[in-house]
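Survey of secondary and tertiary structure
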Amino acid sequence: MEQNVISVIMGGGRGTRLYPLTKERCKPAVPLAGKYRLVDIPISNCLNSGINRIHLLSQFNTASLHNHIQSTYQFDPFGGGYVDIMSAEQTDGGETWYQGTADAVRQNLHHFNDGKNDLFLILSGDQLYRMDFRKIIDHHNKLGSDLTIAAKAMHKSEVTGLGVMRVDDDYSIQEFVEKPSDPAVIESLVIGDKLRSTLDGNPEDVVLASMGIYVFSARVMREALNGDETDFGKEIIPGLLGKISMNSYIFDDYWEDIGTVAAFFDANLALTDDVPPFNFFEDKAPIYTRARYLPATKVNSAEVSRALFGGGCIISKAKVHHCVIGVRSMIGDGSELNDVVMMGADWYETAENREENATLQRPNMGVGKNCVIKNAIIDKNARIGDDVELSPDGKPDGWSEGDMYVRDGILMVMKNGVVSNGTKVRP
């Protein structure tokens, strides 16, 4: 009997851990790797796995997300595919916003038109990984699972902030512990030799952490959402233990939760490694994004090392080391950027725009001349004047001044922010 897969991407809540990157946009819309958005990762994984019925659940600051989805994912009328954004809505059944991951799915069940043999694939919108979902679905069907949870093997010292499972050798989940902190409890969750032998390098003292990726049978999904529980990881899954067939699928490849500013910063800069942990240069399973039709990046006598550039940039006699430079970025003569994620711009300024900037004594978009910037994230459409020095060194977490903010030891210039000529933020 035919089995359809309904993919549901969770757009997340207010994204407080990624603030101020989420001040004017939701998490899935945060720019990534110079030209992409976070949401491109799960959508691309779906499309590369032959899944083209994709629902994106979001409710906070969705304008830029809507624009990106509508400009990027346009399907022909014959394949029946779509990416549908489902924001919280008032209905006869309720008027509340999504209260959690499970509640978000519950409020949209009437849209999915699923059959009893269909599957729900639940995904997160703020992770970096490449997965062929056909493998986890085949694993789910082979074991006769009602629920399969994708799991990443991690050393026991690294999992205090994650949901961790105790899994038998047949992949069945016997226990699910949310954010364990007791060393004895964590030790009890270490996997056995048989499962460990399936992992690359046969590592020791590893446990299986939930990746927040679930495959539900449609019947079990609807039964599980009959109550008022709001979250899959904290309530639904622990409540189903011992009542249904629940198994794990071990994913033994790169996976990173980009839910914090530090994780986002590190994951981006890791892409500049000689052999990056995540490979965007993949013909068979590409990451899709908006087609912008930009010119090639132009570099004028710059010194560049370990850098990644989006399209349409102009780099003039600058020094760029260990940086990710986004689309349409402008970097002026004599400037030096070290350990910087620069997200670029949404448009090019015209000569008239630059004349207006001069009249208003406002910097042009991009980085001006003779600037020194390190350990920073420069958000979209930011304007940094000439002779500016920016560093988070010596600044406490939460420090802010004008359109600048420090979090996780990283200085951020906010989206559309302005940093005037001669500004000095340094130890």
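This section reports on the structure supplied with the text. Keep in mind the model is a prediction, meaning the values are calculated, not measured. Once a new chain begins, its residue numbering starts again from 1 and follows that chain's sequence as written. Selection of residues for local features in this predicted model requires a pLDDT of at least 70, selection of side-chain atom pairs for listing and counting requires 80 or more, and totals for whole chains, interfaces and linings are taken over all residues. The side-chain quantities take in all heavy atoms of the structure and omit both hydrogens and water.

1. Observations concerning the overall build of the protein
Inclusion rule: Secondary structure elements follow DSSP: runs of H or I of four or more residues count as helices, runs of E of two or more count as strands, with numbering from the N terminus. For a compact globule the rule gives 2.2 Å times the number of residues to the power 0.38, and the radius of gyration it is set against comes from C-alpha atoms. A 1.4 Å probe rolled over the protein chains alone gives each residue an accessible area, and that area as a share of the maximum for its type sets the label: buried under 20%, exposed over 50%, partly exposed in between. Note on contacts: a residue pair qualifies if any of its non-hydrogen atoms lie within 4.5 Å across the two residues. Charged-residue counts in this description rest on Lys and Arg as positive and Asp and Glu as negative, His and the chain ends being excluded. Just so you know, the charge point we use is NZ for Lys, CZ for Arg, CG for Asp and CD for Glu.
The helix and strand inventory of the protein stands at eleven helices and 28 strands. Expected size for 427 residues packed as a compact globule is a radius of gyration near 22 Å; at 23 Å, the protein falls within 12% of this value. Its C-alpha atoms put the protein at 70 × 50 × 40 Å along the principal axes. Taking all 427 residues of the protein together, 52% fall into the buried category. Restricting the contact set of the protein to residue pairs at least 6 apart, pairs at least 24 apart contribute 64%. Side-chain charges in the protein split into 43 positive and 59 negative, and the spacing between the mean points of these groups amounts to 4 Å.

2. Notes on the nonpolar core
The condition that has to hold: Nonpolar cores are built from buried Ala, Val, Leu, Ile, Met, Phe, Trp, Tyr and Cys residues. Side-chain atoms within 4.5 Å join them into one set.
Grouped together as the largest cluster of nonpolar side chains are 58 residues, with contacts concentrated most on Phe280 and Ile377. Take this core: its biggest share by element is five residues, from helix α10 (residues 261–270). Not counting chain neighbours up to four residues away, the residues in contact with Ile377 comprise Leu21, Val261, Phe264, Phe265, Val341, Met343, Ile410, Leu411, Met412 and Val413. Tyr214, Val220, Ile236 and Ile237 belong to the second largest nonpolar core, which has 39 residues in total.

3. Here we look at the side chain of Arg328
Note the cut-off: Salt bridges are counted wherever a side-chain nitrogen of Lys or Arg sits within 4 Å of a carboxyl oxygen of Asp or Glu. A 3.5 Å cut-off defines polar contacts: any pair of N or O atoms within that distance qualifies, except that in protein one atom must be a possible hydrogen donor and the other a possible acceptor, and neighbouring residues in sequence count only when both atoms are side-chain atoms.
Here Arg328 shows up in the loop between β17 (319–325) and β18 (330–331). Buried charge Arg328 goes without a salt bridge, the closest partner of opposite sign being Asp346 at 5.1 Å. A distance of 2.9 Å separates a polar atom in the side chain of Arg328 from the backbone oxygen of Ala345. Only 3.4 Å separates the side chain of Arg328 from the backbone oxygen of Asp346, close enough to count as a polar contact. Apart from the residues within four sequence positions on either side, Arg328 is in contact with Arg292, Leu294, Gly311, Gly312, Cys313, Ala345, Asp346, Trp347 and Tyr348.

4. Topic: the packing of aromatic side chains
Let me state the cut-off plainly: Centre distance within 6.5 Å is the pairing criterion for rings of Phe, Tyr and Trp, where only the six-membered ring of Trp is used; planes under 30 degrees apart are then read as stacked, over 60 as edge-to-face, and the remainder as tilted.
For the coordinates displayed, the defined rule picks out nine aromatic pairs. Consider the rings of Tyr214 and Phe216, whose centres lie 6.3 Å apart with planes at 80°: the pair is edge-to-face. Overall, Tyr214 belongs to the buried group, its relative accessible area being 7%. Relative to Phe278, the ring of Tyr254 has its centre 6.1 Å away and its plane inclined at 55°; by these criteria the two rings are tilted.

5. A closer look at helix α9 (residues 232–240)
The periodicity of an α-helix, 3.6 residues per turn, causes residues three or four places apart in sequence to face the same way. The test is simple: What the arc describes is the spread of directions from the helix axis to the C-beta atoms.
Taken residue by residue, α9 has Phe232, Gly233, Ile236, Ile237 and Leu240 as its buried positions. Down the axis of α9, the buried side of the element spans an arc of 105°, and every buried residue falls inside it. In this structure Asp231 caps α9, since a side-chain oxygen of it lies 3.0 Å from the backbone nitrogen of Gly233. Taken from the residues just after α9, Gly242 is the one with a positive phi, measuring 80°.

6. Some remarks on the side chain of Ser124
Looking at where Ser124 falls in the secondary structure, it is placed in strand β6 (residues 119–124). Of the polar contacts made by the side chain of Ser124, one reaches the side chain of Asp126; its length is 2.5 Å. Not counting residues up to four positions away in its chain, the partners in contact with Ser124 are Ile9, Met10, Pro42 and Gly212.

7. Comments concerning the pattern of salt bridges
What the rule picks out here adds up to 17 salt bridges. Between Asp132 and Arg134 there is a salt bridge, with its nearest N and O atoms 3.0 Å apart. Residue classification places Arg134 among the partly exposed positions, given a relative accessible area of 42%. Two residues, Arg306 and Asp273, come together in a salt bridge whose shortest N-O distance is 2.7 Å. Residue Arg306 is located in strand β15 (residues 303–309), and its partner Asp273 is located in the loop between α10 and β14 (298–300); the two are separated by 33 residues in the primary sequence. For Arg306, a relative accessible area of 37% puts it in the partly exposed group. Through salt bridges with shared partners, a single ionic network connects Asp146, Arg219 and Glu223.

8. Digging into the pairing of strand β8 (residues 147–155)
One face of the sheet, then the other: side chains in a regular strand alternate in exactly this way. Formally: When DSSP finds two or more bridges between two strands, those strands count as paired.
The buried fraction of β8 amounts to seven of the nine residues, a majority that puts the element mostly inside the structure. Two strands pair when backbone bridges link them, and β8 and strand β11 (residues 206–217) are joined in this way by eight bridges, in the antiparallel orientation. Each bridged residue has a counterpart across the sheet, and for Thr148 the counterpart in β11 is Val215. With five bridges joining them, β8 and strand β12 (residues 246–250) adopt parallel strand pairing. Paired with Ala151 across the bridge in β12 is Ile250.

9. A short note on unusual backbone geometry
If a residue is not glycine, its phi is most likely negative; likewise, a peptide bond is most likely trans. The step from Tyr19 to Pro20 runs through a cis peptide bond, and the omega angle for that step is 10°. A positive phi angle is found at Ala33, which is not glycine, with a value near 55°. Position of Ala33 among the secondary structure elements: in the loop between β2 (31–32) and β3 (36–37). The phi dihedral of Asn375 is positive, around 50°, even though this residue is not glycine. The topology assignment puts Asn375 in strand β21 (residues 372–378).

10. A look at the state of the cysteines
Going by this rule: Two cysteine sulfurs form a disulfide in these notes if their separation is within 2.5 Å.
With the rule as written, the count across this model stands at zero disulfides. Cys46 provides the cysteine sulfur closest to Cys26, a residue in no disulfide bond, and the two sulfurs are 17 Å apart. Classification of Cys26 by relative accessible area gives buried; the value is 3%. Its sulfur unpaired, Cys371 is 13 Å from the next cysteine sulfur, which belongs to Cys323. Since its relative accessible area comes to 0%, Cys371 is described here as buried.

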